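The primary structure of each chain is shown beneath.
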Amino acid sequence: MKRYSPKDIEPKWQKKWADDQIYKADLGSSKPKYIAMSMFNYPSGNLHIGHAMNYTISEVKARFKRQSGYESYHPVGWDSFGLPAENRAIKAGISPQASMAELIPDYRNAYIAMGWSNDWSKEISTHDPLYYKWTQWIFSEMYRNGLAYQDSRMQWWCDKCQTVLANEQIIDGKCWRHEGIQDPIVQQKEVKQWFFKITAYADELLDAIDDLDWTESVKLAQANWIGKSKGAEIDFEIESRDKSHESRKITVFTTRPDTLFGATFLVLAPEHDLVAQITSNDQKTAVDEYVKASSLKSELERQSSKEKTGVFTGTYAINPINQAKVPIWIADYVLTGYGTGAIMAVPAHDERDFEFAQKYELPVIRVVKNNATDEECSHDEGVMMSSSQYDGLPSSDVREKIVADLEQKGVAIEKTNYKMRDWSVSRQRYWGAPIPIVYCQKDGAVLVPDAQLPVVLPELDDFQPSGDGRSALARATDWLQTTCPTCGGPAERETDTLDTYICSSWYMLRYFDPSNTEKIFDTAVANKWMPIDFYNGGDHATAHLLYARFVTRFFSKIGLVDDPEPFKQMLFNGKVLASDGTMFSKSKGNGIDPLEIINSGYGADALRTYLMFAAPLEFSPRWDPQGVPATYRFINRIWNLVQEYADTQDAQVQEAYAKKIRFSTHSMIKKVSEDLEGNRYNTAISAAMKCVNELYKLKTQHFGKSVVWQEALEAIVACSAPFAPHAMEELWQDLGHDSTVHIDTWPTHDEKYLQGDEVTIVVQVNGKLRANLSVASGASQEEVQTAALADENVQKHVGNKKPTKIIYVPGRLVNIVV
RNA sequence: GCGCAGGUGGUGGAAUUGGUAUACACGAGAGACUUAAAAUCUCUUGCCUUUACCGGCUUGCGGGUUCGAGUCCCGCCCUGCGCACCA
């Protein structure tokens, strides 16, 4: 009997599949399309167990659909620009280009060894000039549509990376690449930056979230990130002691205009423009000191110190609703970047204001009557009080009314604010797509004409940042010096490169037309294949997924693609954890190498099946050293079953056995199909295991060449093929096929085989299980009840009491209440 | 602090609309095959009581609704993730 040896069959089939190009997607196929993919790879080292997990998830989905009659496309690409790659190259003393030329082939081999069904004919790399030409073109297109602009502003700066960071790239006040204990806290630095105006799409991006079939937590994270809040801007006149004041008012943003009568002071952020102007002479020293101190504080310090601090400016403002005189303070708990950088403080109804008022003994006026006591602060809704003409009205109604009334006087306006900021896309690093801009003394910043794209990244010997805040490109003088496209005069290229999140925000579309040199991609093909049917990953809940949505939405507006949403279904999967429940890390050296497991003899099939079986895909399973041996045993059981069958003679299978075999097989087909569709891979695999166990019991009799056994074995082989593609391919051939198991072989279940002659009815007495009854499946309620009451054990518990009620659930249970 | 998700055997985890709690797997125990071991196959395995049957208990804790609750409702406790002074 042929033994199961992954070492021999896996490479054999990998070669055969490649030769036959069975995974090459025909984008013009007349079959229904399906595209499943995982977030593409950031090549920076070896394939690790996290990759194995992520990519197997979408790969199984792609295989399931390919077997089910779809033209299934499982693309592959490399997110090859970016810092980790550049840092690795610097460390290795080679260029990033050379580093990629080393890494990518290794990854390719690893992908093949995992048995992933990628279409290698359409492979892309973001560092390929053919690709980044279009990344640059997106910048130009954004610019032409008024969505890319340059601005000088304070930016987060990581000293280790020597580059600015987007808000999304800061974790606990540290750079996302340097969040260790010894790593520096990010600093603010004034830098001239290019931005994409993602805020212009804030509302659309938020509204569209509802309809996405995405992991709920990711949808929520995106909504939080966008952070929409409706409110009003209200003007407070500054009480003037000195006629020379340039500005006479302070505009505050509030989401609770209904509490305006309770505003007992104003607070400005220390960075607010008016601070110097309004500060009185006797408070000047204190204010100056406070402003200076808070500017030196890092964001982390500012956020970690719970204690609120502030200082009085010596000036007052007038509350527009009742002309009350309220003091103006400055405090760093008010953020400069949000709203107007100034708030009206309502200590009775805002916890932060309450805390501040307590500390500095400022008055507290309650204006909403709710369940809170007089001593505590509460933002709950209620009925207005101490609010003149609004008294007695519900606070939720007054919110709009008060703004409308003030709007008439021209001192307020309805306003919606967002937490989300524009996307900073400039990076002061070498390894990225150069921003297609030149600076001319006469014409300023000028776009490089499309005909001159790509602006090719020059090869350098030294690509360390220049240290003055500019990238290594600042030293590439030949490249740097150019001519102005507008006037032809001397000009200098932009030395910043584009954030790699731009590269990854549109790659899925390039998969449909990877070598087009005339256009970014063919719209007709993209419209046929978009949106991506299935997408998964264990990271980037906000940044990448938000940027990809933004860019796709932009593409739909300029007519490049119809659907504004790129990913129809998105599954945010868990990460494999070490056996002790902690994250795998390089420093701990506790990583699991997928190739090592494959080569140890267990093979890719057992590894893949284990990863998909260990837990639901959303969970983070702990690595179990017993796991792969267990799934190896499962595959081996299928293997031996098929081999044994191949060695049998023709057999007559009695009808009663045939029924049992079919019941087992068709239940399995149904369950596996539904579970694969619903991304419940772990229970799909357990259904296949259960079926195999049952077939093992059934094979002790009437086992042999027959239609019913052939069908059963083909079903178990086909249904296990997405998880264990190599072994199942071999077995498929052993069952007598010449063509591959991986295309158009998915079995369908027939309901008629799922109906048994008898059903098991559970009998309860007062809700407690007392008997199991086997009755004919067509039995009437009366028959079932009679049989139930006749049962010996049921009789014992009913005794001579008369049933007061009998609950009957057809085909399931009888509950006798006495 | 706020938001979200979740607490089920020794372990990972299953359980349609409320309807046999613990599927499947690991681990453990026993047996078969073998000179022996590995591999393979078969059986047992929530807890208590019992030779066995029978019975009792059990889904983080406490209540409630119901003929019936892992599932629904109320109040606690704990864990994980996300956001974090966004007015």
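Structure first, text after, so check above.
Keep in mind that what you see is a predicted model, and the values were worked out from it rather than measured.

Conventions and cut-offs
Residues numbered from 1 in each chain as written. Chains lettered and ligands numbered in written order. Predicted model: local features only at pLDDT ≥ 70, side-chain atom pairs only at ≥ 80, totals over all residues. Heavy atoms only, no water. Pairing = 2+ DSSP bridges. Helix = DSSP H or I, 4+ residues; strand = E, 2+ residues; numbered from the N terminus. Patch = residues over 30% accessible without salt bridge, like charges linked within 9 Å, V, L, I, M, F, W, Y side chains within 5 Å. Areas by Shrake-Rupley, 256 points an atom, 1.4 Å probe, with all protein chains shown as cover. Salt bridge = Lys/Arg side-chain N within 4 Å of Asp/Glu carboxyl O. Lys, Arg positive; Asp, Glu negative; His and termini not counted. Charge placed at Lys NZ, Arg CZ, Asp CG, Glu CD. Core = buried A, V, L, I, M, F, W, Y, C linked by side-chain atoms within 4.5 Å. Buried < 20%, exposed > 50% of the residue type's maximum accessible area, 1.4 Å probe, protein only. Contact = heavy atoms within 4.5 Å. 1 Å grid on protein atoms, 1.4 Å probe; cavity = no way out; pocket = protein on both sides within 12 Å on 5 of 7 lines; lining within 4 Å. Points joined across faces, edges and corners; volume = space filled by probe spheres on them. Nonpolar A, V, L, I, M, F, W, Y, C, P; charged D, E, K, R; others polar. Phe/Tyr/Trp six-rings, centres within 6.5 Å; stacked < 30°, edge-to-face > 60°. Lys NZ or Arg CZ within 6 Å of the ring centre and 35° of its normal. Disulfide = S-S within 2.5 Å. Axes fitted to C-alpha atoms, helices over the stretch in contact; angles between N-to-C directions. Parallel < 35°, antiparallel > 145°, perpendicular 65-115°, else oblique.

A. Summary view of the sheet that holds strand β5 (residues 148–158). In spatial order, the strands read β6-β5-β9-β20; together these four strands make up an open sheet with antiparallel pairing. Single-partner strands in this sheet number two, and they are β6 (163–165) and β20 (423–424). Pairing of strand β9 (residues 187–196) with β20, which is carried by two bridges, proceeds in the antiparallel orientation. Within β20, the position partnered with F196 by the bridge is W423.

B. Looking closely at a negative patch on the surface. On the surface, D207, D210, D211 and E216 cluster together to form a negatively charged patch. Assignment of secondary structure puts E216 in helix α7 (residues 216–226).

C. Spatial organisation of the nonpolar core. Core analysis: the largest hydrophobic core is formed by 179 residues, its most contacted members being W423, Y507, F555, L611, M612, W623 and V717. With 11 residues, helix α21 (residues 681–698) is the single largest residue contributor to this core. Apart from residues lying up to four places away in sequence, M612 is in contact with M53, T56, I57, V60, L617, Y681, N682, I685 and F723. The next biggest cluster of nonpolar side chains, apart from the first, holds 46 residues, and it includes F261, L266, A345 and V398.

D. Structural context of empty space enclosed by the protein. Taken as a whole, this structure holds three cavities of 30 Å³ or more when the rule is applied. The computed volume of the largest cavity comes to approximately 170 Å³. Forming the boundary of the largest cavity are 19 residues, of which G82, L83, R427, D499 and T500 lie nearest the centre. When the residues that make up the lining of the largest cavity are grouped by side-chain class, the tally is eight nonpolar, six polar and five charged. If you go around the second largest cavity, you meet 14 residues; those closest to its centre are S38, Y55, P75, V76 and N118. Grouping the constituent residues of the lining of the second largest cavity by class yields eight nonpolar, six polar and no charged.

E. Focus on the environment of A101. As for its placement among the helices and strands, A101 is situated in helix α4 (residues 96–113). Note on A101: relative accessible area 55%, which makes it exposed. Between the C-alpha atom of A101 and that of T279, which follows or precedes it by 178 residues, the distance is 61 Å.

F. Quick peek at unusual backbone geometry. Here the amide bond leading from L453 into P454 is cis, since omega sits at 0°, within 30 degrees of zero. Of note, P454 is situated in the loop between β23 (444–447) and α13 (477–480). One non-glycine residue, Q21, lies in the positive phi region at around 50°. The backbone phi angle of Q323 is positive, close to 60°, even though this residue is not glycine. Along the polypeptide, Q323 turns up in the loop between β14 (310–318) and β15 (325–331).

G. Structural context of the packing of aromatic side chains. The full count for this structure, using the stated rule, is 50 aromatic pairs. Arranged with centres 5.5 Å apart and planes meeting at 75°, the rings of Y507 and Y511 form a pair that is edge-to-face. By the burial criterion, Y507 is buried, and Y511 matches it. Counting every residue linked through ring pairs, the aromatic cluster contains F139, Y143, W194, F196, Y201, W423, Y501, Y547 and F550. Against the face of Y73 rests K122, its NZ or CZ located 5.3 Å from the ring centre. One cation-aromatic arrangement involves R493 over W479; the distance from NZ or CZ to the ring centre is 5.6 Å.

H. Looking closely at the side chain of R66. Relative to the assigned elements, R66 resides in helix α2 (residues 49–67). Look at R66: it is buried, it has no salt bridge, and the nearest opposite charge is E59 at 5.6 Å. Setting aside residues up to four positions removed in sequence, R66 forms contacts with I22, Y23, S72, H74, S117, H742, I743 and D744.

I. Structural detail: the pairing of β5. Summarising the sheet, β5 and β9 pair through 10 bridges and their orientation is antiparallel. Within β9, the position partnered with Q150 by the bridge is W194. Two strands pair when backbone bridges link them, and β5 and β6 are joined in this way by three bridges, in the antiparallel orientation. Note that in β6 the partner of W157 across the bridge is V164.

J. Quick look at the environment of M530. Inspection of the secondary structure assignment puts M530 in the loop between α16 (523–529) and β27 (534–537). In this view, M530 contacts K33, M508, L509, F512, V561 and P566; residues no more than four positions away in its chain are not counted.

K. Structural view of the state of the cysteines. Counted by the stated rule, this structure contains zero disulfides. Cysteine C440 remains unbridged, with the sulfur of C487 as its closest cysteine sulfur at 3.5 Å. Exposure remark for C440: the relative accessible area of 7% places this residue in the buried category.

L. Looking closely at the environment of G799. Relative to the assigned elements, G799 resides in the loop between α25 (792–798) and β31 (805–809). On a C-alpha basis, the gap between G799 and V818 in space is 9.4 Å, while along the polypeptide they are 19 residues apart.

M. Representation of the sheet that holds strand β25 (residues 490–493) within the structure. Spatial ordering of the open sheet is given by β23-β22-β25-β24, a layout of four strands whose pairing is antiparallel. Each end of this open sheet is capped by a strand with a single partner; those strands are β23 and β24 (481–483). Strand-to-strand, the axes of this sheet are offset by a mean angle of 45°, without reference to chain direction. Across the face of the sheet, helix α5 (residues 129–144) comes into contact with β22 (437–440) and β23 while running at roughly 120° to β23.

N. Spatial organisation of the packing of helix α18 (residues 594–613) against α21. Relative to each other, α18 and α21 sit at 120°, their axes nearing to 7 Å. In this view, α18 runs oblique relative to α21, as classed from their interaxial angle. Together, T609, M612 and F613 of α18 and Y681, N682, I685, S686 and M689 of α21 make up the contact between the two elements. Considered class by class, the residues forming the contact of α18 with α21 number five nonpolar, three polar and no charged.

O. The side chain of T215, seen in detail. Here T215 shows up in the loop between β10 (213–214) and α7. Overall, T215 belongs to the buried group, its relative accessible area being 18%. For T215, the contacting residues outside a window of four places in its chain are M570, L571 and F572.

P. Representation of the pattern of salt bridges in the model. In the structure shown here, the tally under the stated rule is 41 salt bridges. When the shortest N-O distance is used, the salt bridge between E730 and K2 registers 2.7 Å. Here E730 is found in helix α23 (residues 725–734), whereas its partner K2 is found in the segment before α1 (6–20), with 728 residues between them in sequence. On the basis of relative accessible area, E730 is assigned to the buried category, the value being 7%. Among the ionic contacts, a cluster of salt bridges with common partners joins E204, R549, R553, K557 and E565.

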